[in-house]
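# Structural overview for review
What follows is the residue order along each chain.
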Amino acid sequence: MSTLRTALTELVGVEHPVVQTGMGWVAGPRLVAGTANAGGLGILASATMTYAELEAAIAKTKGLTDKPFGVNIRADATDAAQRIELMIRENVRVASFALAPKQELIERLKDAGVIVIPSIGAAKHARKVAAWGADAVIVQGGEGGGHTGPVATTLLLPSVLDAVDIPVVAAGGFFDGRGLAAALAYGAAGIAMGTRFLLTTDSTVPDAVKQEYLRRGLQDTTVSFKVDGMPHRVLNTELVDKLEHSGSTRGLVAAVSNAAKFKKMTGMKWSAMIRDGLAMKKGKELTWSQVIMAANTPMLLRAGLVEGNTHAGVLASGQVVGMLDDLPSCKELIERIVADAVLRIEELSKLPT
C-alpha cells in the first residue's frame, strides 16, 4: 500500500494525508471510524448534536476504531467549554472548529495535548489562529459545499500558505489522486473532502439521496443566501429554487418555525438558543435577520440528509459532485487516492530539468 508522509500525518499520527470533514448530520461514528480505519483523519460533526449525543457518539466511534479521530464543534456555542472538557477526558486526538476558536479555548486544548485544527476562509484568519497556537488549519475554497467563500481554492490556498508556517490542509474541489498531488505541490500538508466522503458506502445518508447526488453535473449547485443568510453551496433542488425566489418575510417565518422544531428535537431551552444567537451575531457580525434565518440550516439539512426528503430538505454539496459517479468504501477511496497521487508524483519527478 502506497503512503505519503507529510506534516499532517506526522502531527496527527495518521497514515494518509486525507481528512474527512465534519459535515452536520453526515459525519457520524460509522463514517468517522471508516475513515480512521482506512488511515485518514475522520472528524465527527457535533454542531447538530446535543452534549449527550456527542458523548455517545465519541464512545461509539472509540468502539469502532482505535485510530486517531477528531471532533468538530462550534466555537460560538454556549457549551463549547464543556464539550472541550469532554473531548479532553475522552482523549480525542483533534479538535476541529468551523469558526475561529477563542484563544483561551486553544490554550486549554493544547495544554491537554489535543491538536487544534480550525477551518478558515482567509489568510488573515489563518494568521490569527496561528498566532493563538493552532497546530494546523483547513482552508476551503469556494468550490466547497456548505458554508463557503468567494475565492477559488487555487488562489485561496497559496495565499494562506504564504501567510503561515503551520501545516495547511486544502479543501474545496478535491476528490482524487490528482487533487492530492496538486495540493502537495502547492505546499499543502494534505486534503480535506466532504462531498466525496458523503458519497461512500460508510456514509449513513439514505441511498436514494446518494443517487440524487450522483445524477448531478458540474453546474448543478448554487451558492444560496436564502438558506440561512450566509453563502451556502447546495444542490439545485425545487426547494432551493423556491427559496431563491421567495421574499424575506416568507424566509423569516420558515426560519422561526424551524427554530421551534430544532429546539424540540435537541431539548435546548429558548434562553440557550438566544445566547447562541447573540454569540453568532457577534462572532460573525450578522444582522438579526441572518441570525434568525440560521435556524433554517439544521432542520433543512436534516430533512434531506437524514430523512431522505429531497423535496423538503436542503442538500449541501461541493461543485465536485459533478465529477463523482461511484460509492466506494472509505478504505477503497483513500487507498486509490493515495496510490494515484504517488504515481503522479513519481511521473512528475521524471520530467527533464
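Just above sits the structure.
Residues numbered from 1 in each chain as written. Predicted model: local features only at pLDDT ≥ 70, side-chain atom pairs only at ≥ 80, totals over all residues. Heavy atoms only, no water.

### As for helix α5 (residues 103-111)
For α5, the set of buried residues is L105, I106 and L109. Across the axial projection of α5, the buried residues extend over an arc of 100°, all falling on one side. Tucked inside the fold, the buried residues of α5 contact α4 (80-89), β4 (94-97), β5 (115-120) and α6 (123-132). Looking one or two places after α5, you find G113, whose phi comes out positive at around 85°. (Buried < 20%, exposed > 50% of the residue type's maximum accessible area, 1.4 Å probe, protein only. Helix = DSSP H or I, 4+ residues; strand = E, 2+ residues; numbered from the N terminus. Arc of directions from axis to C-beta. Contact = heavy atoms within 4.5 Å.)

### Some thoughts on the packing of aromatic side chains
The final tally for this structure, using the stated rule, is zero aromatic pairs. Over the face of the ring belonging to W25 we find R302, whose NZ or CZ atom lies 5.5 Å from the ring centre. (Phe/Tyr/Trp six-rings, centres within 6.5 Å; stacked < 30°, edge-to-face > 60°. Lys NZ or Arg CZ within 6 Å of the ring centre and 35° of its normal.)

### Things to note about the nonpolar core
In terms of nonpolar packing, the biggest core is built from 59 residues, with V160, F197, Y213, L305 and V314 touching the most fellow members. When residues in this core are grouped by element, the largest group, seven residues, is from helix α16 (residues 330-349). Sequence-distant contacts of L305, that is, excluding residues within four places in its chain, are made with G24, W25, V26, L198, V205, P206, Y213 and L315. (Core = buried A, V, L, I, M, F, W, Y, C linked by side-chain atoms within 4.5 Å.)

### Description of the side chain of D135
Residue position: D135 is located in the loop between α6 and β6 (137-140). For D135, a relative accessible area of 18% gives the class buried. What D135 contacts, discounting residues up to four positions off in sequence, is L11, K110, V114, I115, V116, I166 and P167.

### Quick word on the sheet that holds strand β8 (residues 168-171)
Pairing is parallel around the closed barrel formed by eight strands, whose spatial order is β1-β2-β3-β4-β5-β6-β8-β9. For this sheet, the mean inter-axis angle between neighbouring strands, taken without regard to orientation, is 25°. In this sheet, strand β9 (residues 190-193) lies alongside strand β1 (residues 18-20) in parallel orientation, the contact comprising three bridges. Of the residues in β9, the one forming a bridge with Q20 is M193. (Pairing = 2+ DSSP bridges. Axes fitted to C-alpha atoms, helices over the stretch in contact; angles between N-to-C directions.)

### As for unusual backbone geometry
The phi dihedral of W25 is positive, around 70°, even though this residue is not glycine. Note that W25 resides in the loop between β1 and α2 (29-37). One non-glycine residue, N91, lies in the positive phi region at around 60°. Assignment of secondary structure puts N91 in the loop between α4 and β4.

### Side note on the pairing of strand β2 (residues 41-45)
Within β2, five of the five residues are buried, leaving the element largely enclosed by the surrounding structure. Burial along β2 is two-sided: the face carrying L41, I43 and A45 and the face carrying G42 and L44 are both buried. Inspection of the sheet shows β1 paired to β2 by two bridges, in the parallel sense. Along β2, the bridge assignment pairs Q20 with G42. Viewed along the sheet, the connection from β1 through α2 into β2 turns out right-handed. Where β2 lies against strand β3 (residues 70-73), three bridges are found, and the strand directions are parallel. (Right-handed = clockwise from strand over helix to strand, strands pointing away.)

### Section: the packing of α6 against helix α7 (residues 153-163)
Relative orientation and spacing of two packed helices are given, respectively, by the angle between their axes and the distance between those axes. Between α6 and α7, the least distance of the axes is 8 Å, while the angle of their chain directions is 35°. As α6 packs across α7, the resulting crossing turns out to be right-handed. Of α7, the residues touching α6 (which contributes A123, A126 and R127) are S159, V160 and A163. (Left-handed = near helix turned anticlockwise from the far one by under 90°.)

### Describing the pattern of salt bridges
Enumeration according to the criterion identifies 15 salt bridges in this entry. Between R5 and E10 there is a salt bridge, with the nearest N and O atoms lying 3.2 Å from each other. Residue classification places R5 among the partly exposed positions, given a relative accessible area of 47%. A relative accessible area of 53% places E10 in the exposed class. Measuring nitrogen to oxygen at the nearest pair gives 2.9 Å for the salt bridge that ties R336 to D326. With a gap of 10 residues between them, R336 in helix α16 and D326 in the loop between α15 (296-305) and α16 connect regions that are remote in the sequence. In this structure R336 comes out as partly exposed when scored by relative accessible area, which is 39%. If you follow the salt bridges from partner to partner, you end up with R196, D326 and R336 in one network. (Salt bridge = Lys/Arg side-chain N within 4 Å of Asp/Glu carboxyl O.)

### Let's talk about the sheet that holds strand β10 (residues 221-224)
Strand order across the open sheet formed by three strands is β7-β11-β10, with antiparallel pairing between neighbours. One side of each edge strand has no neighbouring strand; the edge strands of this open sheet are β7 (146-147) and β10. Bridge count between β7 and strand β11 (residues 232-235): two bridges; the pairing is antiparallel. Bridge pairing in β11 links H147 to H232.

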